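Architecture at a glance
Single-letter residue listing:
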Amino acid sequence: MNAAPSPLSPAEAPADPFLFFRDWLAEAERTEPNDPTAMSLATVDADGRPSVRIVLLKRLDDRGFVFYTNTESRKGLQLAARPVAALCFHWKSLRRQVRIEGAVEPVTEAEADAYFASRPRGSRIGAWASQQSRPLESRAVLERRVAETETRYDGQEVPRPPHWSGYRVLPDDIEFWQDGEFRLHDRFRYRLSAAGWTCQRLYP
């Protein structure tokens, strides 16, 4: 087991949480054996019932954290009903996690088109073939839908389906957690107000 990281001092917590996150993500990309951009995505339905799943971060910009999905999936429908979400990155090898909460907005059509065009052709075919989150009679049915889609777009570019796009989580609350000996962890919570970001150390 890796030794616990050295404790963080307040001076090591940048004023900008996006800068803090980029530093930690860059380190995770060097050390994590699989999917350093994997993040838990929690959403709630119209009745307030939560659900969570793992998705991949596909873009980080100055406004937020972007992922892509079928908008008719369970998470897509939940985000339509309640456009708020929580994310959690857990980098096990680094013994760190980052928690993020905020409102959610759709990405622009141009952003969605550009990212979709960058995907492998098989993934673009799959976006048409899969009715994500809906009941599936058998694997054979899915494979038949894939084959039918491949035939339909044989020799052509595969366009983005109208039901496939992206979302940007606009954070107003970000917490950085680093493992400490005897469960004396380091926690720094950033909260956004009209005046900007403020940072506060929390008890473990």
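Residues numbered from 1 in each chain as written. Predicted model: local features only at pLDDT ≥ 70, side-chain atom pairs only at ≥ 80, totals over all residues. Heavy atoms only, no water.

A look at the packing of helix α4 (residues 121-129) against helix α5 (residues 139-152)
Note the cut-off: Orientation is described by lines fitted to C-alpha atoms, with helices fitted over the stretch in contact, and by angles between N-to-C directions that extend from 0 to 180 degrees. Comment: elements are numbered from the N terminus, with helices defined as DSSP H or I runs of at least four residues and strands as E runs of at least two. Helix crossings get a hand from a simple test, with the near helix turned counterclockwise from the far one by less than a right angle marking a left-handed crossing and a clockwise turn marking a right-handed one. By definition in these notes, contact holds between two residues if any of their heavy atoms fall within 4.5 Å. Side-chain classes follow a simple rule in which Ala, Val, Leu, Ile, Met, Phe, Trp, Tyr, Cys and Pro form the nonpolar group, Asp, Glu, Lys and Arg form the charged group, and the remainder, Gly included, forms the polar group.
Relative to each other, α4 and α5 sit at 115°, their axes nearing to 9 Å. Here α4 runs over α5; the crossing is right-handed. Residues Ile 125, Trp 128 and Ala 129 of α4 touch α5, and the partners they reach there are Leu 142, Arg 145, Val 146, Thr 149, Glu 150 and Arg 152. Its residues placed into classes, the contact of α4 with α5 shows five nonpolar, one polar and three charged.

Looking at the environment of Leu 56
Our working rule: We call a residue buried when its accessible area falls under 20% of the maximum for its residue type, exposed when it is over 50%, and partly exposed in between, using a 1.4 Å probe and counting protein chains only.
Looking at the secondary structure, you find Leu 56 in strand β2 (residues 50-56). For Leu 56, a relative accessible area of 31% translates into the label partly exposed. In this structure the C-alpha to C-alpha distance between Leu 56 and Ala 42, which are 14 residues apart in sequence, comes to 13 Å. If sequence neighbours within four positions are ignored, Leu 56 has contacts with Asp 35, Thr 37, Ala 38, Met 39, Val 66 and Phe 67.

Some thoughts on the UniProt feature "binding site: substrate" (unreviewed entry) in the chain
Basically, it comes down to this: UniProt positions are given in the numbering used here, feature names are shortened, and annotations may be inferred rather than shown by experiment.
Residues given the UniProt feature "binding site: substrate" (unreviewed entry) here are Lys 58, Tyr 115, Arg 119, Ser 123, Arg 183, Leu 184 and His 185. In terms of the greatest pairwise C-alpha distance, the residues named above, spread along 128 residues, do not form a single cluster, extending to 43.3 Å across. Mapping Ser 123 onto the fold places it in helix α4. Since its relative accessible area comes to 28%, Ser 123 is described here as partly exposed. Take Arg 183: it is sitting in the loop between β7 (164-178) and β8 (186-193). What makes Arg 183 exposed here is its relative accessible area of 64%.

Focus: the nonpolar core
Put simply, the test is: Buried Ala, Val, Leu, Ile, Met, Phe, Trp, Tyr and Cys residues form a nonpolar core when they are joined through side-chain atoms within 4.5 Å.
With 29 residues, the main nonpolar core has Phe 21, Phe 65, Phe 89, Trp 91 and Val 98 as its most contacted residues. Of all elements in the fold, only α1 (17-31), β1 (38-44), β4 (65-70), β5 (84-91), β6 (96-106), β7 and β8 reach the threshold of two or more residues within this core. At six residues, α1 tops the list of elements feeding residues into this core. Dropping the residues within four chain positions of it, Phe 65 is found in contact with Phe 18, Phe 21, Leu 57, Arg 59, Leu 60, Leu 87, Phe 89, Ile 100, Tyr 167, Arg 168, Val 169 and Pro 171. Grouped together as the second largest cluster of nonpolar side chains are eleven residues, Tyr 68, Tyr 115, Ile 125 and Val 158 included.

Description of α1
Stated precisely, the cut-off is as follows: One less than the residue count of a helix, multiplied by 1.5 Å, gives the span that helix is expected to have. Our arc is simply the arc of the directions from the helix axis toward the C-beta atoms. A 3.5 Å cut-off defines polar contacts: any pair of N or O atoms within that distance qualifies, except that in protein one atom must be a possible hydrogen donor and the other a possible acceptor, and neighbouring residues in sequence count only when both atoms are side-chain atoms.
Taking 1.5 Å of rise per residue, 15 residues should cover 21 Å, and α1 covers 21 Å from first to last C-alpha, within 8% of that figure. Listed in full, the buried residues belonging to α1 are Pro 17, Phe 18, Phe 20, Phe 21, Trp 24, Leu 25 and Ala 28. Burial along α1 is one-sided: seen end-on, the buried residues are contained in an arc of 150°. Capping the start of α1 is the job of one residue whose side-chain oxygen sits 2.9 Å from the backbone nitrogen of Phe 18: Asp 16.

Brief notes about the side chain of Thr 43
Within the secondary structure, Thr 43 is located in strand β1. Within the structure, the side chain of Thr 43 is placed 2.9 Å from the side chain of Arg 53, a separation counted as a polar contact. Side chain to side chain, Thr 43 and Gln 78 meet in a polar contact 2.3 Å long. Not counting residues up to four positions away in its chain, the partners in contact with Thr 43 are Arg 49, Pro 50, Ser 51, Arg 53, Lys 75, Gln 78, Leu 79, Val 84 and Ala 85.

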